[in-house]
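What follows is the residue order along each chain.
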Amino acid sequence: MSNHLIIRLLGMLLTVLALSSCSTVFLNDSDGTSLNALGEPRILEMQMHLIRGSDSYTMDLVVEVRKSGLTVVGSSFGVRVFTLSYDGAVIAEGTGAGLPFYVPNQLILDDVILALSSRQSLESNLPKNCQLVRDGDVGKIYCDERLLVNITHQKTANKNNLVLVERFQPEYKVNFVISEVK
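Residues numbered from 1 in each chain as written. Predicted model: local features only at pLDDT ≥ 70, side-chain atom pairs only at ≥ 80, totals over all residues. Heavy atoms only, no water.

Some words on the state of the cysteines
Within this structure, the stated rule accounts for one disulfide. Paired through a disulfide, cysteine 130 and cysteine 143 show a sulfur-sulfur distance of 1.9 Å. Judged by the torsion about the S-S bond (105°), the cysteine 130/cysteine 143 disulfide is right-handed. Of this pair, cysteine 130 sits in strand β6 (residues 130-135) while cysteine 143 sits in strand β7 (residues 138-143), placing them 13 residues apart in sequence. Residue cysteine 130 is classed as buried on the basis of its relative accessible area, which comes to 11%. (Disulfide = S-S within 2.5 Å. Helix = DSSP H or I, 4+ residues; strand = E, 2+ residues; numbered from the N terminus. Buried < 20%, exposed > 50% of the residue type's maximum accessible area, 1.4 Å probe, protein only.)

Now the structure itself:
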């Protein structure tokens, strides 16, 4: 094995270890609080654009919100990228090719929950160690006095919702365009 390959493998291992210590807002407690923030059952179509460093990836999501859980199916150009289900305690992974770069599934689900939660539901359903601080149009979520997420909600001209989520550990940004299926 060449030194270059060994260095690359060690770099990937360190990246995986760093990302495994990621911080979620809702899914750390796994007590179902996050499901209360989602509101009424419905099916949504979302476009998700994920930016991490110099990499970016766009995919379509179909999100089913139920009283008993949440299912998120991600696809790109007709190929299923992932299927994630959350019942308030356990994240189940279904079929899919996987993202082209590593972002933990619990962060994808956490970002979807943050995108779907209203300001009022965020404030009342955050875990005890977290708080929402408003800075103009930006909601800043601190957990254990550490800034984890910036979140901004906007309405578009065609009445869709645009939600921008910026994570700080690991660092990435995700933009959601959300439309409800009638």
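Alright, that's what it looks like, and here's the rest.
Some thoughts on the nonpolar core
Side chains that are nonpolar tend, in soluble globular proteins, to be buried together. Counting 43 residues, the largest nonpolar core has Leu61, Val63, Leu70 and Phe176 as the members making the most contacts within it. The element contributing the most residues to this core is helix α3 (residues 105-116), with eight residues. When near neighbours in sequence (up to four residues on either side) are disregarded, leucine 70 contacts Leu35, Leu38, Val63, Glu64, Val65, Leu84, Ser85, Tyr86, Leu109, Val112 and Ile113. (Core = buried A, V, L, I, M, F, W, Y, C linked by side-chain atoms within 4.5 Å. Contact = heavy atoms within 4.5 Å.)

A word on α3
Counted at 1.5 Å a residue, the expected span for α3 with its 12 residues is 16 Å, and the 17 Å between its end C-alpha atoms agrees. With respect to burial, α3 is a largely interior element, 10 of its 12 residues being buried. Buried within α3 we find Leu107, Ile108, Leu109, Asp110, Asp111, Val112, Ile113, Leu114, Ala115 and Leu116. (Expected span 1.5 Å × (residues − 1).)

Describing the confidence of the model for the protein chain
For the protein chain, mean pLDDT is 80; residues scoring 70 or higher make up 81% of the total. Here helix α1 (residues 3-20) stands out as the element of the protein chain with the lowest mean pLDDT, 45, in contrast to strand β9 (residues 161-168), whose mean of 94 is the highest. Scored below 50 in pLDDT, residues 9-22 makes 11 contacts in the model with residues more than four places away or belonging to other chains. (pLDDT = per-residue confidence, 0-100.)

A short note on a nonpolar patch on the surface
Taken together, the side chains of Ile43, Val62 and Val181 define a hydrophobic patch exposed on the protein surface, amounting to about 220 Å² of accessible area. Within the element layout of this structure, isoleucine 43 appears in strand β1 (residues 42-52). According to the relative accessible area criterion, isoleucine 43 is partly exposed, its value standing at 41%. (Patch = residues over 30% accessible without salt bridge, like charges linked within 9 Å, V, L, I, M, F, W, Y side chains within 5 Å. Areas by Shrake-Rupley, 256 points an atom, 1.4 Å probe, with all protein chains shown as cover. Salt bridge = Lys/Arg side-chain N within 4 Å of Asp/Glu carboxyl O.)

Some words on the pairing of β6
One ladder, built from six bridges, connects β6 with β7; its direction is antiparallel. Across the sheet, the residue bridging to glutamine 131 is tyrosine 142, located in β7. Turn length for the β6-β7 hairpin, with the two strands adjacent in sequence and antiparallel, is two residues, and the turn residue glycine 136 shows positive phi of about 70°. (Pairing = 2+ DSSP bridges.)

Remarks on the pattern of salt bridges
Enumeration according to the criterion identifies four salt bridges in this entry. Note that glutamate 64 is salt-bridged to arginine 66, the shortest N-O span being 3.9 Å. The partner of aspartate 111 in a salt bridge is arginine 167, and the shortest N-O contact between them spans 2.8 Å. Remark: arginine 167 occurs in strand β9 and aspartate 111 occurs in helix α3; sequence separation between them is 56 residues. Among the ionic contacts, a cluster of salt bridges with common partners joins Asp110, Asp111 and Arg167.

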